[in-house]
Amino acid sequence: MDGQHCPEEGPQKGATHVLLRGEFTQVPEPKGRYTLTLTPAELHLQRTQPDPESRGNVLSLADCIGCYSFKGKDPTDLGAYLSVFCYPEKKKRWRSQTARQREARTFRLESCRDLEGNLKAAERWAAKIRELSVQRLPEENEGLYSCLPQAKQLLVLVNPQGGKGQAQHLFYSQILPLFTEAAIGFSLVVTERQNQAWELVRDEDLSRWDAVVTVSGDGLFHEVINGLMERSDWQSAIKKPLGILPAGSGNALAKSITYYAGNDAADYQDLLTSCTFLLCKGLVVPMDLVSITTASGKHLFSFLSFAWGFISDVDIESEKYRMMGQARFTLGTLIRLSSLRTYKGRLSYLPAAATSDESSSFTSSQISQNIQYNFCNSNNLQHLQSCANAVEQTSAVSVAEVARVVPLDQPIPNNWTIVKEEEFVLVLALYQSHLGEDLFIAPMVSKPDDNLIHLFYVKAGISRTSLMKFFLDIEKGKHLEHSYPHVVYVPIKAFRIEPFTSNGTMTVDGEVLACGVVQGQLHSRLARIISGTKIQ
Ligand SMILES: Nc1ncnc2c1ncn2[C@@H]1O[C@H](COP(=O)(O)OP(=O)(O)OP(=O)(O)O)[C@@H](O)[C@H]1O
């Protein structure tokens, strides 16, 4: 196709899936002549010179975030250029895990005698590649899932104090290059104080942006959720797609999102690349929220967790080791293990099974028998997942239904369970798969809208060794496979905690809450998040 005229690239005879085919030269190095073939899902690169025998390379458009055409710097150069940016998952050197790694290719095209014609041809390729690279929506979730527009405009909020204080640097060095490749437009706000993001999203005209993105830990994202829920137009505002790029010490939501996408980012760098890639692809999926109400009349919305006892203590007490990043939680756990505390109070909950549809083939009691998981049963994750799925299929609790859950000043209703023990080492209500990068507590959660609160509690009496082993198992998500008689797991829709004293720490999404009577309840699919999915 290097001929003297401008040939139309198009489907070849007999090759039904070929959309475009053309001859290019790869630049800068290693130079070589290539035949590029574009199919609906892939870009095939076949080297024709110098060694035509060499195996071809294939770029999957599912891994592609952007493609440009442009002219060369040399004004005498009549060729046009095409750059394509992909982030395929590849095995990491020296490691067994895979991670998204950049693969950028630039090709020169000179199929015409004039620059204009070559530029037109290159742009035709670039536009087609961009069009085919748009995230496909999983068929079975049609209507629930959507995609950000190709020309995205984002409001990006950066907490410069998050994690090791590197968020701003990470934005410019790690995130911005991908935004540029994906042609993402953005407005950047670097927060100067706590709650600034909360106030900003509460008061701002959000119609200017396709999504609001935080570059920080879970704390800044918590501000955004609560700012949106404080608006008078909260019903529509909370549907604004949200994104999170990890740059804090607690990156639980970011880690969960990559897990839902089927990617096990091995280290922080991979996690950031993976999340930025997902943001560029722009798949928007529903996300459950949990409303937290306190006896003093405070209302908060939570996307991640509520914790009382050991976990909150570690979270808050390890603040002073913030500069250690994620490792601060390991150190905090060891310190708190050495002086283990217990917390007295009443824990009650609405089991997920109790809200099941009556017409289902499972009765509530059958499901609750299956679903309450005492860790002394030698049960496995598969069983838990199938139980959780059974509950999910049979209990679509809408926001309206959940809103009818008992007010905090009313007694516990009959369909709730009151835990007979009243002394705990920890209580944790989790609604994502991870509570931290190394805290893989709920492997049964496979999407941000699994319509369940996953309640874990550890009864007093557990030995330090057992608790330490439990936390070590959690790192690999293996804790469900082992025997822990003091640990209980149960999928629920709502909970209430009535501490007997105000000593101790409570946290919502890692943010401290004064210890007192508190109630949480699930709001299915209330928010929307940019995420990945294993469903295709
Ligand atoms: N400019 C700022 N200065 C101080 N605090 C801020 C600022 N911007 C946001 N914050 C607050 O900092 C806290 C921690 O933020 P974030 O979670 O994003 O980072 P982190 O390192 O993961 O922290 P943590 O693990 O404590 O949640 C949050 O309470 C957030 O509201």
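Residues numbered from 1 in each chain as written. Predicted model: local features only at pLDDT ≥ 70, side-chain atom pairs only at ≥ 80, totals over all residues.

Helices and strands together make up the secondary structure of the chain, namely 13 helices and 26 strands. The proportion of buried residues among the 536 residues of the chain is 46%. Residue pairs in contact within the chain that sit at least 24 positions apart in sequence constitute 72% of those at least 6 positions apart. (Helix = DSSP H or I, 4+ residues; strand = E, 2+ residues; numbered from the N terminus. Buried ≥ 20, exposed ≤ 12 C-beta atoms within 10 Å, placed from the backbone. Contact = placed C-beta atoms within 7 Å.)

So, on to the sheet that holds strand E3 (residues 42-49). The antiparallel open sheet is built from seven strands, whose spatial order is E4-E3-E2-E1-E9-E6-E5. The outermost strands of the open sheet, each flanked by one partner alone, are strand E4 (57-60) and strand E5 (64-71). For this sheet, the mean inter-axis angle between neighbouring strands, taken without regard to orientation, is 30°. Pairing between E5 and strand E6 (residues 80-86): seven bridges, direction antiparallel. The residue of E6 that forms the bridge with Cys-64 is Cys-86. (Pairing = 2+ DSSP bridges. Axes fitted to C-alpha atoms, helices over the stretch in contact; angles between N-to-C directions.)

The immediate surroundings of the ligand are formed by 20 residues, with Ser-216, Gly-217, Gly-219, Gly-248 and Gly-250 found nearest. For the shell around the ligand, the element with the highest residue contribution is helix H4 (residues 218-229), accounting for four residues. Residues that form the shell around the ligand fall into these classes: two nonpolar, 13 polar and five charged. (Near = placed C-beta within 6 Å. Nonpolar A, V, L, I, M, F, W, Y, C, P; charged D, E, K, R; others polar.)

Two elements in contact, helix H3 (residues 196-203) and H4, have axes whose closest approach is 7 Å; the angle formed by their N-to-C orientations is 30°. Put simply, H3 runs roughly parallel to H4. Note on packing geometry: the crossing formed by H3 with H4 is right-handed. For the pair H3 and H4, the contacting residues are Ala-197, Trp-198, Glu-199, Leu-200, Val-201 and Arg-202 in the first and Leu-220, Glu-223, Val-224, Asn-226, Gly-227 and Leu-228 in the second. (Parallel < 35°, antiparallel > 145°, perpendicular 65-115°, else oblique. Left-handed = near helix turned anticlockwise from the far one by under 90°.)

Attention now moves to the domain arrangement of the chain. What the domain assignment reports for the chain is domain 1 (20-133), domain 2 (146-287) and domain 3 (291-530). With 33 residues of domain 2 at the interface, the matching set in domain 3 holds 28 residues. Among the secondary structure elements, those contributing two or more residues to the side of domain 2 that touches domain 3 are H4, strand E14 (242-246), helix H6 (252-260), helix H7 (268-281) and strand E15 (283-294). Of the residues forming the side of domain 2 that touches domain 3, the biggest block, seven residues, is contributed by H4. (Domains from an automatic or database assignment.)

Our next topic: unusual backbone geometry. Most of the time, phi is negative for any residue but glycine, and the peptide bond is trans. The linkage connecting Val-27 with the following residue, Pro-28, adopts the cis geometry, with an omega of -15°. Structurally, Pro-28 is set in the loop between strand E1 (20-27) and strand E2 (32-38). A positive phi angle, close to 70°, is found at Asn-195, a residue other than glycine. Relative to the assigned elements, Asn-195 resides in the loop between strand E12 (185-190) and H3. A positive phi angle, close to 65°, is found at Asn-451, a residue other than glycine. One can find Asn-451 in the loop between strand E21 (423-430) and strand E22 (453-459).

To continue, consider helix H13 (residues 464-476). Across its 13 residues, H13 extends 19 Å between first and last C-alpha, which sits within 8% of the 18 Å expected from 1.5 Å per residue. All of the buried residues in H13 are Leu-467, Phe-470, Phe-471 and Ile-474. Within H13, the buried residues cover an arc of 95° as seen down the axis, which keeps them to one side. Seen from the open side of H13, the exposed residues pointing more than 90 degrees away from its buried face are Thr-465 and Lys-476. (Expected span 1.5 Å × (residues − 1). Arc of directions from axis to C-beta.)

Here we come to H4. For H4, built from twelve residues, the straight-helix expectation of 16 Å at 1.5 Å per residue is met to within 8% by its first-to-last C-alpha distance of 17 Å. Of all twelve residues that make up H4, eleven are buried, and the element is covered over most of its length. Taken residue by residue, H4 has Asp-218, Leu-220, Phe-221, His-222, Glu-223, Val-224, Ile-225, Asn-226, Gly-227, Leu-228 and Met-229 as its buried positions.

Counting residues in each nonpolar core, the largest one holds 139 residues, and the members touching the most others are Val-215, Val-224, Leu-245, Leu-426 and Leu-455. Sort the elements by how many residues they give to this core and strand E23 (residues 484-499) lands first, with eight residues. The residues touching Val-224, leaving out its near neighbours within four places in the chain, are Leu-157, Ala-197, Val-201, Val-212, Thr-214 and Leu-242. (Core = buried A, V, L, I, M, F, W, Y, C linked by C-beta atoms within 7 Å.)

Attention shifts here to the environment of Ile-412. When you line up the elements, Ile-412 lands in the loop between helix H12 (399-403) and strand E20 (417-418). Here the alpha-carbon distance between Ile-412 and Leu-245, two residues 167 residues apart in the chain, equals 40 Å. Dropping the residues within four chain positions of it, Ile-412 is found in contact with Ser-348, Ile-418 and Arg-496.

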